[in-house]
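The primary structure of each chain is shown beneath.
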Amino acid sequence: VAQMMFASLLNSGWWEGLGAVSCLALLIACLCHDLDHRGTNNRVLDSLSPVEYGETLNVIEEAILATDLALHFKHLGSMKELAGKGPAGLDWREPRTVKIVRSALMTGSDLGASTKPWKVQKEIVALIAEEFWQQGDLEKVTLSAPSQPLMDRELSEIFPKLQVGFCENVCLPVYDTLAKLSPDLAALKDGVTANRDRWRQIMMSGGILASEDMSSSSEAGSTSSGSEDNECEDKHEDNNSAKIIRNL
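Below or above, wherever it landed, is the structure these notes cover.

What counts as what
- Residues numbered from 1 in each chain as written.
- Predicted model: local features only at pLDDT ≥ 70, side-chain atom pairs only at ≥ 80, totals over all residues.
- Heavy atoms only, no water.
- Axes fitted to C-alpha atoms, helices over the stretch in contact; angles between N-to-C directions.
- Helix = DSSP H or I, 4+ residues; strand = E, 2+ residues; numbered from the N terminus.
- Parallel < 35°, antiparallel > 145°, perpendicular 65-115°, else oblique.
- Left-handed = near helix turned anticlockwise from the far one by under 90°.
- Contact = heavy atoms within 4.5 Å.
- Nonpolar A, V, L, I, M, F, W, Y, C, P; charged D, E, K, R; others polar.
- Core = buried A, V, L, I, M, F, W, Y, C linked by side-chain atoms within 4.5 Å.
- Buried < 20%, exposed > 50% of the residue type's maximum accessible area, 1.4 Å probe, protein only.

1. Observations regarding the packing of helix α5 (residues 69-83) against helix α6 (residues 95-110)
- Put simply, α5 and α6 touch, their axes get as near as 10 Å, and they point 120° apart. As summarised for this structure, α5 and α6 are arranged oblique, according to the angle between their axes. Regarding α5 and α6, the two cross each other, and that crossing is left-handed. Residue-level inspection shows His72, Ser78, Met79, Glu81 and Leu82 of α5 in contact with α6, the latter providing Arg96, Thr97, Ile100, Val101, Ala104 and Thr107.
- Across the contact of α5 with α6, the residue classes break down as five nonpolar, four polar and two charged.

Okay, structure coming up:
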């Protein structure tokens, strides 16, 4: 997430308009947004003045909240409105504009895995899918209740369809906004679009990956996540979801 934020700030040139304090806060927020602490004990902030320190914490809080997809959808209209103005609409003296850009950057960084090359995309999605399915398995045991389709291992064949919807409805609106505001960030939108199209191909083929995907993924799995895959195979050897995980 932090790498994606750094690359976006650098390639767009927005680091100049946002200023050092905002950029620092955004990078810290990327490092902290999945952790239960605000980074207030981090010595990297020791050199800041009291005013800069307070501003940094405010931006960190704002940026972390921006990764909540409920808030993202709430603010999507403002993002699209700003994007409609193109790069000329970026007035760094306008607090509302700065806040919208920071939120878009944070959400785009958080969803960055969706922009990666296919080989990386499918490996990350495989890990996420297994995490969801493990939660679903736990809920079935502890709550004796059916899981949501996303977390139901027995419904793993619908995962490609869910990925298509995720790319189209969650990811693409963010990267479309960023691309319209900075052509230098258009590659992120292109990456999501390409991955959506691959997931759609898999969905249309009944959830079965093409042979070239299966061979490349098995090769990647042997070098990057062998222990996790072996554990999954031992536990769910005859389960279709485990086969999909290995094929991804």
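2. Description of the packing of helix α8 (residues 159-181) against helix α9 (residues 186-204)
- Two elements in contact, α8 and α9, have axes separated by 9 Å at closest approach and are oriented at 165°. With respect to their mutual orientation, α8 and α9 come out roughly antiparallel. Helix-helix and strand crossings are classified by hand; for α8 and α9 the assignment is left-handed. Across from Pro160, Lys161, Gln163, Val164, Cys167, Glu168, Cys171, Leu172, Tyr175, Asp176 and Ala179 in α8, the residues of α9 making contact are Ala186, Leu188, Lys189, Val192, Thr193, Arg196, Trp199, Arg200, Ile202 and Met203.
- Across the contact of α8 with α9, the residue classes break down as 13 nonpolar, two polar and six charged.

3. A short note on the nonpolar core
- One finds Trp14, Leu18, Leu105 and Leu178 to be the most contacted residues of the largest nonpolar core, which totals 49 residues.
- By residue number, the principal contributor to this core is α8, which donates 10 residues.
- For Leu105, the residues in contact, after removing those within four places along its chain, are Met5, Ser8, Leu9, Trp14, Leu18, Leu26 and Leu178.

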